[in-house]
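Coordinate analysis (summary)
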Amino acid sequence: MVTKRKGKKRLKALELFAGAGGLALGIHQAGFKCVGLLEWDSFAVETLKENSRRVLELSEDLVIHRDVNDPEIDYKKYSGEVDLCLLYTSDAADEEDSV
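Description of the structure in this document. These numbers were taken from a predicted model, which means no experiment stands behind them. Residue indices follow the written sequence of each chain, beginning from 1 at its first position. Totals for whole chains, interfaces and linings use all residues, but because this is a predicted model, local features are given only for residues with pLDDT of at least 70 and pairs of side-chain atoms are given and counted only at 80 or more. The side-chain figures draw on all heavy atoms in the structure; neither hydrogens nor water molecules are used.

A word on helix H2 (residues 42-54)
Our working definition: Numbering goes from the N terminus for both helices and strands, where a helix is a DSSP run of H or I of at least four residues and a strand is a run of E of at least two. An expected span of 1.5 Å times one less than the residue number is assigned to each helix. Remark: exposure states derive from per-residue accessible area (1.4 Å probe, protein chains only) relative to the maximum for the residue type, with buried under 20%, exposed over 50%, and partly exposed in between. In this context, the arc is that of the directions from the helix axis out to the C-beta atoms. Contacts are residue-level and defined by heavy atoms, with any inter-residue pair within 4.5 Å sufficient. Pairs of N or O atoms within 3.5 Å make up the polar contacts considered here, provided that, within protein, one atom can donate a hydrogen while the other can accept it, and that residues adjacent in sequence are counted only when both atoms are side-chain atoms.
With 13 residues, H2 should cover 18 Å at 1.5 Å per step; its first-to-last C-alpha distance of 19 Å lies within 8% of that length. Listing the buried residues of H2 in full gives Ala44, Val45, Leu48 and Ser52. Each buried residue of H2 lies within a common arc of 100° when the element is viewed along its axis, so the set occupies one face. In H2, those exposed residues whose orientation departs by more than 90 degrees from the buried face are Phe43, Glu46 and Arg54. Elements in contact with the buried residues of H2: strand E2 (33-39) and strand E3 (63-65). The residue sitting at the N-terminus of H2 and contributing the capping side-chain oxygen is Asp41; that oxygen lies 3.1 Å from the backbone nitrogen of Phe43.

Re helix H1 (residues 22-29)
By the burial criterion, the buried members of H1 are Ala24, Ile27 and His28. Considered in projection along H1, the buried side chains sweep an arc of 100° and stay on one side of the axis. The elements touched by buried residues of H1 are strand E1 (12-16), E2 and strand E4 (84-86). Where H1 terminates, the next one or two residues include Gly31, which has phi positive at roughly 105°.

Remarks on the pairing of E1
Basically, it comes down to this: DSSP calls a pair of strands paired once it identifies at least 2 bridges connecting them.
Burial within E1 is extensive, with 4 of its 5 residues counted as buried. By the bridge criterion, 3 bridges tie E1 to E4 in an arrangement that is parallel. Residue Ala13 lies in a different strand from E4, and its bridge partner there is Leu84.

What about the environment of Ala13?
For Ala13, the location among the structural elements is in strand E1. Taking relative accessible area as the criterion, Ala13 reaches 3% and is therefore assigned buried. Once the C-alpha coordinates of Ala13 and Val82 are considered, the two residues, 69 residues apart in sequence, prove to be 5.5 Å apart. Not counting residues within four places of it along the chain, the set of residues in contact with Ala13 comprises Ile27, Phe32, Lys33, Cys34, Val35, Gly36, Val82, Leu84 and Leu86.

Topic: the nonpolar core
Threshold: What we call a nonpolar core is a set of buried Ala, Val, Leu, Ile, Met, Phe, Trp, Tyr and Cys residues that are connected through their side-chain atoms within 4.5 Å.
The biggest cluster of nonpolar side chains holds 9 residues, and these are Ala18, Ala24, Cys34, Leu37, Val45, Leu48, Leu56, Leu58 and Val63. In contact with Ala18, other than residues within four places in its own chain, are Leu37, Leu38, Glu39 and Leu48. Within the second largest apolar cluster, 7 residues are counted, among which are Leu14, Leu16, Ile73 and Tyr78.

Describing the pattern of salt bridges
As a reminder of what qualifies: Salt-bridge detection follows one rule: a side-chain nitrogen of Lys or Arg within 4 Å of a carboxyl oxygen of Asp or Glu.
In the structure shown here, the tally under the stated rule is 5 salt bridges. Here Arg53 ties to Glu50 by a salt bridge, and the two come within 2.9 Å at their closest N and O atoms. On the criterion of helical spacing, the pair formed by Arg53 and Glu50 is a turn pair, its members being 3 residues apart in helix H2. Of the residues examined, Glu50 reaches a relative accessible area of 31% and is grouped as partly exposed. With a closest N to O distance of 3.7 Å, Arg66 and Glu72 form a salt bridge. When its relative accessible area of 35% is taken as the criterion, Arg66 is described as partly exposed. Judged by relative accessible area, Glu72 falls into the exposed class, the value being 62%. Here the salt bridges do not stand alone but share partners, grouping Glu50, Arg53, Arg54 and Glu60 into one network.

The structure is reproduced here in structure tokens:
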């Protein structure tokens, strides 16, 4: 259930390492507006596009199929627009598990 903030603009989120969109779904349900979903894995991108359209009710155009280090990604366009930038990497989970 999306909670509307009466008289206030929706906060905007950019997700890096988006996977199939599970975290994006939670952020969407919390009332955030997604401005971009970045993922490099081709299989995950296919699922993410479908989930974006059917579940998140977002345009597939918000799905960016690139590596986060790709110099062609213009992160400057999100400057001042994004309230929350979400990051997840399996490397971080692996490090935490090995501690």
